[in-house]
Amino acid sequence: MAASTEELVVRPVDGPTEYPALVEIWRSAVRATHEFLDDADFERIEAALSPAYFPAVTLVVAERGGRSIGFVGVSEGILEMLFVMNEARGEGVGSALLAEAIAHHGVTRVDVNEQNAGAHAFYLARGFRVVARSPLDGDGRPYPILHLQIEEPVSPTIDGCARRHEL
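All values derive from a computational prediction rather than experimental measurement.

This part covers the confidence of the model for the protein chain. Low-pLDDT portions of the prediction should not be read for the details of their coordinates. Mean pLDDT over the protein chain: 87, with 87% of residues reaching 70 or higher. Note that pLDDT drops below 50 for residues 155-167; the model gives that stretch 32 contacts with residues more than four away or on any other chain.

Phe-71, Leu-79 and Tyr-123 are the most contacted members of the largest nonpolar core, which has 49 residues in total. With seven residues, the top contributor of residues to this core is helix α1 (residues 19-33). Discounting residues that sit within four places of it in the chain, Tyr-123 has contacts with Leu-79, Leu-82, Leu-98, Val-110, Val-112, Phe-128 and Leu-148.

The next thing to look at is the packing of α1 against helix α2 (residues 39-53). Closest axis-to-axis distance for the α1/α2 pair is 10 Å, and the angle between their directions is 155°. By the angle between their directions, the pair α1 and α2 is classed as roughly antiparallel. Crossing angle aside, the handedness with which α1 passes α2 is right-handed. The segment α1 lies against α2, with Tyr-19, Val-23, Trp-26, Arg-27, Val-30 and Arg-31 engaging Asp-39, Phe-42, Ile-45, Glu-46, Leu-49 and Ser-50. Looking at side-chain class alone, the contact of α1 with α2 contains seven nonpolar, one polar and four charged residues.

Turning next to the packing of aromatic side chains. Tallying each qualifying case throughout the model produces seven aromatic pairs. Look at Phe-54 and Phe-71: their rings are 5.6 Å apart centre to centre, the planes differ by 85°, and that puts the pair in the edge-to-face class. Of this pair, Phe-54 sits in the loop between α2 and β2 (58-64) while Phe-71 sits in strand β3 (residues 67-75); the two residues are 17 residues apart in sequence, bridging distant segments of the chain. Classification of Phe-54 by relative accessible area gives buried; the value is 0%. By relative accessible area, Phe-71 is classed as buried at 0%. Members of the aromatic cluster, connected to one another through ring pairs, are Tyr-19, Trp-26, Phe-42, Phe-54, Phe-71 and Phe-83. Between Arg-31 and the ring centre of Phe-42, over which it is positioned, the NZ or CZ distance is 3.5 Å.

The rules we used
Residues numbered from 1 in each chain as written. Predicted model: local features only at pLDDT ≥ 70, side-chain atom pairs only at ≥ 80, totals over all residues. Heavy atoms only, no water. pLDDT = per-residue confidence, 0-100. Contact = heavy atoms within 4.5 Å. Core = buried A, V, L, I, M, F, W, Y, C linked by side-chain atoms within 4.5 Å. Buried < 20%, exposed > 50% of the residue type's maximum accessible area, 1.4 Å probe, protein only. Helix = DSSP H or I, 4+ residues; strand = E, 2+ residues; numbered from the N terminus. Axes fitted to C-alpha atoms, helices over the stretch in contact; angles between N-to-C directions. Parallel < 35°, antiparallel > 145°, perpendicular 65-115°, else oblique. Left-handed = near helix turned anticlockwise from the far one by under 90°. Nonpolar A, V, L, I, M, F, W, Y, C, P; charged D, E, K, R; others polar. Phe/Tyr/Trp six-rings, centres within 6.5 Å; stacked < 30°, edge-to-face > 60°. Lys NZ or Arg CZ within 6 Å of the ring centre and 35° of its normal.

This is the structure in structure tokens:
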């Protein structure tokens, strides 16, 4: 996809009023990249996003033209989630969000579904390395997890990206 000419803004999520937009981003991203996820698991995870998962992390959103198009969730140096609207994939949104998470939230670790080859390659290209593998996900389901860690971040800057207010 061609990158938008509108400036990318990375900012903290303003609170639960933004959760519906984050769920839409999650839905778009997961439908495009998690073909391995069965429908029951998709629905179970989606139902837990707003009440359980979002409140447990620090959330940062990326937007263009006032529209949210990606977000990350961080907890204690771990990137718990990074999702970009399918239509905005390949435009640097994920890279900007990851750079923000590394530079301003101390991210050094991330877990990735082994079946999500695109995400695995994304993190490897940005200096992460596989340090362990789990045959089941955190819920004991058959979705193997790769545990990645970064020693030295690759260019943790946010090029071409404005920060609306301090994170």
